[in-house]
Amino acid sequence: AQTVTQSQPEMSVQEAETVTLSCTYDTSESDYYLFWYKQPPSRQMILVIRQEAYKQQNATENRFSVNFQKAAKSFSLKISDSQLGDAAMYFCAYKGVGGTSYGKLTFGQGTILTVHP
Amino acid sequence: DTEVTQTPKHLVMGMTNKKSLKCEQHMGHRAMYWYKQKAKKPPELMFVYSYEKLSINESVPSRFSPECPNSSLLNLHLHALQPEDSALYLCASSQRFGRDPNTGELFFGEGSRLTVL
């Protein structure tokens, strides 16, 4: 079964600074999606950024970027110019498109990000 | 319209009650999901519907009964629940289950906070 590991239960950053959240995953599949979701205290899960495994180029969405290392099975999220509104629980997630994980979204344990003014 | 709407937002029920959670999306998505989430934990997959047919049941107790009346609606019928079933229940949808012609992204609702007394 696929597993997703987030080794940082909590992280903190100063406003306007940069922070990187770590994520590793384990899979034997070659084709899959990877996501970072954000869940603020208001609780709605919102997509931050996505990466398709067959794309070598790292995804970028405004202040959010990923470092996707397929061979190392690593998928870290970098938040630049952190804002107070970035404070939330961040989940790394894996979605397989074949095999036993077909269609399932597997989440990591989450990282609570605190942003200090 | 990129919303997944869940009702009710809060529900308190006794162990002998029968209640239902409802979920609606109008994005034309053909895959819909129920997740259970405990505080500060990742969501756990319960059920997946693909084209209105149940595709995955993650060994969920029979006191939870899902229903997908049409492609836009997803219900979760609750009966004889236990206090440990108290949690946030999240509904999500995606364009397709598995290989997605779009982004593979799941769109989440705000959730229904269930308390079982």
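Here goes a summary of the coordinates provided. Bear in mind that the values here come from a model prediction, so they are computed numbers and not experimental data.

Right, let's talk about the packing of aromatic side chains for a bit. In the structure shown here, the tally under the stated rule is 16 aromatic pairs over all chains. One aromatic cluster is present, built from ring pairs that chain together Y33, F35, Y37, F91 and F107 of chain A together with Y33, Y35, F97 and F108 of chain B.

Taken as a whole, this structure holds two disulfides over all chains when the rule is applied. Here C23 of chain A engages in a disulfide with C92 of chain A; their sulfurs sit 2.0 Å apart. Residues C23 of chain A and C92 of chain A share a disulfide whose torsion about the S-S bond is about -70°; that sign makes it left-handed. Taken together, the residues span a long stretch of sequence, with C23 of chain A in the loop between β3 (19-21) and β4 (24-26) and C92 of chain A in strand β10 (residues 88-96) at a distance of 69 residues. Given a relative accessible area of 2%, C23 of chain A falls into the buried group. Residue C92 of chain A is classed as buried on the basis of its relative accessible area, which comes to 0%. Here C23 of chain B connects covalently by a disulfide to C91 of chain B, the sulfurs 1.9 Å from one another.

Now for the sheet that holds strand β3 (residues 18-25) of chain B. Within a beta sheet, neighbouring strands are joined by backbone hydrogen bonds and run either parallel or antiparallel to one another. Residues and elements named next belong to chain B. Within the open sheet, the four strands sit side by side as β1-β3-β8-β7. Their pairing is antiparallel. Each having just a single partner strand, β1 (4-7) and β7 (64-70) make up the two edges of the open sheet. Averaged over all pairs of adjacent strands, the angle between strand axes in this sheet comes to 20°, irrespective of strand direction. By the bridge criterion, five bridges tie β7 to strand β8 (residues 73-79) in an arrangement that is antiparallel. Within the sheet, the bridge partner assigned to N70 lies in β8 and is L73.

Conventions used here
- Along each chain, residue indices are assigned from 1 in the same order as the chain's sequence is written.
- Lettering for chains starts from A, numbering for ligands starts from 1, and both go in the order in which the items are written.
- Reporting of local features is limited, given that this is a predicted model, to residues whose pLDDT is at least 70; pairs of side-chain atoms are given and counted only at 80 or more, and all residues count toward the totals for whole chains, interfaces and linings.
- The basis for every side-chain value is the complete set of heavy atoms in the structure, and neither hydrogens nor water enter the calculation.
- In this analysis, rings of Phe, Tyr and Trp, with Trp reduced to its six-membered ring, are considered paired at centre separations within 6.5 Å, and the interplanar angle assigns stacked below 30 degrees, edge-to-face beyond 60, and tilted for intermediate values.
- Sulfur atoms of two cysteines make up a disulfide when they are within 2.5 Å.
- To qualify as a helix, a DSSP run of H or I must reach at least 4 residues; to qualify as a strand, a run of E must reach at least 2; elements of each kind are numbered from the N terminus.
- Accessibility here uses a 1.4 Å probe with only protein chains present; expressed as a share of the type maximum, an area under 20% marks a residue as buried, one over 50% as exposed, and anything in between as partly exposed.
- In short, DSSP must find at least two bridges between two strands for them to pair.
- Whenever a helix is involved, its axis is fitted only over the stretch in contact; in every case the axis is a line through C-alpha atoms, and angles between N-to-C directions fall within 0 to 180 degrees.

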